[in-house]
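Listed below, chain by chain, are the residues.
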Amino acid sequence: MKVNGFLKDVTGASRVTKARRELIEHGDPNNIYSDPIRETAKELHPEVTKVRVIDVKDVSPTARKYRFAADLGDILPPFMCGQYCSLDLEIDGTVTTRPYSICSAPFEAREGAEPFFELTIRNGRPGEGFVSSWFYENVKEGDTFKAHLPFGQFYYEPLRDSKHIVGLAGGSGITPFYSMAKEIAHGTMDADLTILYGSVSTKDIILKEELEAIDCDRVRLINVISGDEDYDGEKGFLSADIIKKYSSEDSTYFVCGPLAMYHFVRGELEKLNVPARRIRMETFGAPRDITKAEGYPEIKPALFALHVIRGIQEDLVQASSLEPIAVALERAGIKNNTRCRSGSCGFCRCKLVKGEVFVPAEGDGRRRADKENNYIHACSAYPLSECTVKIPIV
Amino acid sequence: MAFYKDKYDVIVIGGALAGMSCAMRLAAAGKSVLILERHNLPGGMATSFVRNGIEMEATLHEMMSLGKEDEPLYIRQYLDEMKVAIDWLRVPEAYELYSPADGIDITLHAGRRADGTWVCADEIDDKYPGTKKEVNRLLETCRKVYESVLFLNEHTLSKAEMLLKHEALVKTAGYSAKEVLEKSFHLPEEVVKILSAYWIYVGQPISTLPFTIYSFLMADYMIGGSYVARGFSHEMSVAMAERCEELGVQFEYCQNVEKILVRNGRVYGVRTSRGDEIHCDYIASAPYPNTVYGRMIEPQSEVPVQARKYANAMPMSVTCFSVVLLLDQKPEDLNIHSYSVFSSDIPFDTDVFWAQGRNLGGWDYLTTICLNYANDEAVPEGMTSLSITTLPLPESFMQVRPDQYFDVKRSVAKEMIKRVSSHLGVNLLDHIVEIEIETPVTMSHYTSDYRGGIYGYQHSMNNSVVARLEDVEKEQYIKGLVGCASHQLVGDGMACNINNGKIASKMILAMMEEQA
Ligand SMILES: Cc1cc2nc3c(=O)[nH]c(=O)nc-3n(C[C@H](O)[C@H](O)[C@H](O)COP(=O)(O)OP(=O)(O)OC[C@H]3O[C@@H](n4cnc5c(N)ncnc54)[C@H](O)[C@@H]3O)c2cc1C
Ligand SMILES: Cc1cc2nc3c(=O)[nH]c(=O)nc-3n(C[C@H](O)[C@H](O)[C@H](O)COP(=O)(O)OP(=O)(O)OC[C@H]3O[C@@H](n4cnc5c(N)ncnc54)[C@H](O)[C@@H]3O)c2cc1C
Ligand code: FES
């Protein structure tokens, strides 16, 4: 043995050696293993939760709310308003996931005869969204899913945020605010919420009835309609003027909506000199058209060979320059971990062994050392050449 | 088609610092090595995270055992030898100790002068005149113990040589830091307190901390100073992971090892949560013996009674509670002027601090680290990166249920922020841009380490490193299985775990030789 008992036979050392041997001799000879902290960690962050659809409801002409309860012996983990859930999906040979903000309130997952959580999924143009249209056409009560939750940092943090939240929402971005509104009304979240919800017309308002049904003086909803001159209320976009009108002296702004809205709202908040720490933005998903992203090189759309290393195995698949590597893997039926699909959570981290990719600056949530050593987040890396990636075995 | 080879010489469970250090050295010796890491990142606790595009350090405050480039200490030497390149930045001071109840507010720096005297002895003498000689004598003793330990880490000596050449070590090996500090040196009470501030880096009160460990810590920090990596601890972890792969280690992420397979008292493989059964001759394990013997060994009938006694007897050391903050002003504007501050809100007493670790909150000893002062460019312009940490015992969190979790961690964090705010005279709650609260549950979530432990087993007088070394061979309860993390010989800390990994590799190589 090459490790030396370096004080063999030396006085003094024998004092501590004896003490330790006694300690061990008095150890319990039975298996008394227990790790309550591990149990708590697992309950807070379950690897996977099996869930079942228990209700489906239209909440606008283009959006549907799905209610999920834990399936067979599983329990729902606690979460915070504004966090999201990722669903595992298998559609025509494609294994994929999608993130959806949880639109129900945390207390609803803890209380009642059948605790539940809800997701509202929008399907703007039928047949367009690959997963959302599939959801619309196929998912019904009784269907089961593997869900991963909770994820995301888009939540109210009382140690950081002002007690007055101004929610700036667009489209399906209303969902986290509906969750907050209900939690506040229930008395389990101590904050005031003013929602400024931008829609083109009143028809587009998602969760309209549900939002109107919330009866609580700490919650206010103001619809801001951009495409209807005759609307009797706030008109136009979520401009500085409107934001200012509904803000208090020190508000925290939570922004959730389509990418175009982020750019606009960011500029408006700047006009109001809102300090950076008072602005929280939800991640916005992958860009619809990567070639329009800032810094995208001048190359023609192409299909590239993608070599995929898992362990000692290598597979060859195809990847489109227009889609992230994560999607190429999915189209090829190769499982890969994804959660946020926006480049920020890092679940899809893998090594780019060879080749070149484009990573949009807005979806680059990588660590510095990862950038320097060619690690990528596959959901926000678009191939620019033949590539080789080494991914985890899933 | 297969993801794994039929068999590996060694499977390393856990791709953290110890595991990677072990794997790298085995691969360099020509062995086939597989690392199975449950997370999608290397490094375990040595990691960072990104919030809204801003990277934040999860753990690394001070990396020890590096020393300057031209005077490298043993871990810098080892990393150089293994060709692991990391961009280290030196931390400016050793520490500030702020304990108003004792009238103590002093800042010490590392460094030893050409004449053999220590910079911090002068700094202490400035405030407590007449102590210079004794402080120098104490640090010299520490340095001798340190050098002996390092020498004996690599060589074996006869008893006569030991007594002759390593007298300081031999004489003090059976005593606690408190015994030696108070009985062998004539120092005012305040100075003993000042020189005990690092107790937190081993999580052991000085009354039960072996002087051997105390000396090692003091000498290492005071000779070599401390460092952070320019690219956060993730830079260190990635550099080691890259080097492992260059050396031929197969490194697989997202692979949780569920079972360690044992037959006739000897390991022969593992089974992962994915269901892969992978074979090998040796295993180096990051999971604690409690977890390994308690639920990983299959079949359980292969666990010897002596192994259970061992795991059940080992006293768990601390876990951690850390509040990581990004603040909206420059440090100077928040009245923050030091990299590293240890503060006490009551008269300094490591026994009391340690006992407070059983409670949820009410912790009087805090470590506050301001990253700007070591790595300014890592923090967004005009902002401050600050962490406030304390190291409670696992029992503090054992009763916390998932439903109370968010409230509990916020209320404890708030108390800690308020304490530091009152020291600074600035309400930090008005300046928070980002906040993350790391608890024992967080540690367990990311590493699955037993009870969220971060420091392995206690460095107590009845679990002294001297005794651990003496009995290491006897404690190989299952053939082919070696521990490889903080619960092993050298204990906690990043540098120590690189060393734990190195030692594990040595043990495996020795067993291979014996087998052959
Ligand atoms: C944190 C977060 C929260 C969200 N919350 C909500 C919410 O509450 N409600 C909501 O409606 N939406 C929400 N979204 C958006 C949601 O996750 C989806 O992006 C959105 O529903 C559109 O998905 P889709 O499948 O319909 O679109 P897709 O058409 O699927 O487009 C997205 C991606 O799928 C790829 N793709 C297209 N066809 C295929 C194929 N055949 N195989 C494999 N990949 C393919 C595309 O290349 C593209 O990268 C959220 C997003 C994030 C990041
Ligand atoms: C807040 C904080 C601050 C700290 N500051 C410092 C500091 O300034 N300086 C310092 O030196 N030290 C510091 N430490 C301590 C230091 O981080 C740890 O002691 C050290 O990193 C532990 O390394 P390790 O190799 O023992 O393994 P760990 O980091 O504990 O990791 C164990 C690894 O094994 C993996 N694993 C476990 N079980 C399995 C399984 N069944 N299958 C597969 N993989 C598994 C885990 O995922 C993990 O990667 C700090 C710790 C904390 C929490
Ligand atoms: S899935 Fe979150 S970064 Fe790719």
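Residues numbered from 1 in each chain as written. Chains lettered and ligands numbered in written order. Predicted model: local features only at pLDDT ≥ 70, side-chain atom pairs only at ≥ 80, totals over all residues. Heavy atoms only, no water.

Right, let's get into the overall build of chain B. Per the secondary structure count, chain B includes 17 helices and 19 strands. The globule rule puts the C-alpha radius of gyration for 516 residues at 24 Å, and the 23 Å found for chain B is close to it. Here the C-alpha coordinates of chain B stretch approximately 65 × 60 × 45 Å along the principal axes. Sequence-distant contacts, at least 24 apart, represent 73% of the contacts inside chain B between residues at least 6 apart. When the accessible surface of chain B is summed, it comes to about 17,500 Å², and 48% of that surface belongs to carbon and sulfur atoms. For chain B, the distance from the average site of its 48 positive side-chain charges to the average site of its 69 negative ones is 6 Å. (Helix = DSSP H or I, 4+ residues; strand = E, 2+ residues; numbered from the N terminus. Rg over C-alpha atoms; globule rule 2.2 N^0.38 Å. Contact = heavy atoms within 4.5 Å. Areas by Shrake-Rupley, 256 points an atom, 1.4 Å probe, with all protein chains shown as cover. Lys, Arg positive; Asp, Glu negative; His and termini not counted. Charge placed at Lys NZ, Arg CZ, Asp CG, Glu CD.)

What follows is about the confidence of the model for chain B. A residue-level look at chain B finds 100% of positions with pLDDT of 70 or above and a mean pLDDT of 96. With pTM at 0.95, the complex prediction returns an ipTM value of 0.96. (pLDDT = per-residue confidence, 0-100.)

Take the sheet that holds strand S7 (residues 164-170) of chain A next. Residue and element names in this part refer to chain A. Reading across from one edge, S10-S9-S8-S7-S11-S12 is the order of the six strands in this open sheet, with parallel pairing throughout. Edge positions in the sheet fall to strand S10 (234-235) and strand S12 (279-281), since each of these pairs with one other strand and no more. In terms of strand pairing, strand S11 (residues 251-256) meets S12 through three bridges, oriented parallel. Looking at the pairing, Tyr253 lines up with Ile279 of S12. Of the strands in this sheet, S7, strand S8 (192-199), strand S9 (219-225) and S11 touch helix H4 (residues 175-185), which is tilted by about 150° from S8. Against the sheet, helix H7 (residues 259-271) touches S7, S11 and S12, its axis set at about 160° to S11. (Pairing = 2+ DSSP bridges. Axes fitted to C-alpha atoms, helices over the stretch in contact; angles between N-to-C directions.)

Taken together, the contacts link 110 residues of chain B with 75 residues of chain A. Carbon and sulfur atoms supply 58% of the area that chain B and chain A bury against each other, a total of about 8,300 Å² over both sides. Taken as a group, Phe3, Arg410 and Glu470 of chain B account for 8% of the area that chain B buries against chain A, more than any other trio of residues on that side. Taken together, chain B and chain A are joined by 14 salt bridges. A salt bridge links Glu252 of chain B to Lys390 of chain A, with the shortest nitrogen-to-oxygen separation between them at 3.6 Å. Here the residues of the side of chain B that touches chain A are counted per class, giving 49 nonpolar, 26 polar and 35 charged. (Buried area = accessible area lost by both parts, 1.4 Å probe. Salt bridge = Lys/Arg side-chain N within 4 Å of Asp/Glu carboxyl O. Nonpolar A, V, L, I, M, F, W, Y, C, P; charged D, E, K, R; others polar.)

So, about the packing of helix H1 (residues 17-28) of chain B against helix H10 (residues 232-246) of chain B. Residue and element names in this part refer to chain B. Between H1 and H10, the shortest axis-to-axis distance is 9 Å and the interhelical angle comes to 25°. In terms of orientation, H1 and H10 fall into the roughly parallel class. Handedness of the H1/H10 crossing: left-handed. Contact residues: Leu17, Met20, Ser21, Ala23 and Met24 in H1; Met236, Ser237, Met240, Ala241, Arg243 and Cys244 in H10. Taken together, the residues of the contact of H1 with H10 sort by class into eight nonpolar, two polar and one charged. (Parallel < 35°, antiparallel > 145°, perpendicular 65-115°, else oblique. Left-handed = near helix turned anticlockwise from the far one by under 90°.)

All names here are of chain B. A large share of helix H15 (residues 440-447) lies buried, amounting to six of its eight residues. What H15 keeps buried is the set Pro440, Val441, Thr442, Met443, Ser444 and Thr447. With a side-chain oxygen positioned 3.0 Å from the backbone nitrogen of Val441, the residue opening H15 is Thr439. Looking one or two residues beyond H15, the residue adopting positive phi is Ser448, at roughly 60°. (Buried < 20%, exposed > 50% of the residue type's maximum accessible area, 1.4 Å probe, protein only. Polar contact = N/O pair within 3.5 Å; in protein donor to acceptor, adjacent residues only side chain to side chain.)

Looking now at a negative patch on the surface. There is a patch of like negative charges on the surface, built from Glu69, Asp70, Glu71, Asp80 and Glu81 of chain B. Mapped onto the elements, Asp80 of chain B comes out in helix H2 (residues 74-81). (Patch = residues over 30% accessible without salt bridge, like charges linked within 9 Å, V, L, I, M, F, W, Y side chains within 5 Å.)

All right, on to the site of ligand 1 then. Residue and element names in this part refer to chain A. Near ligand 1 there are 25 residues, and of these Arg98, Pro99, Thr120, Phe130 and Ser132 occur at the shortest range. Residue Val131 places a main-chain N or O atom 2.9 Å away from an oxygen atom belonging to ligand 1. Taking 960 Å² as the accessible area of ligand 1 by itself, protein coverage stands at 82%. Those elements that provide at least two residues to the shell around ligand 1 are strand S4 (94-101), strand S5 (116-122), helix H3 (130-138) and helix H8 (325-331). Here the shell around ligand 1 takes five residues from S4, the largest share from any one element. Classifying every residue of the shell around ligand 1 by side-chain character gives eight nonpolar, ten polar and seven charged. (Near = heavy atom within 4 Å.)

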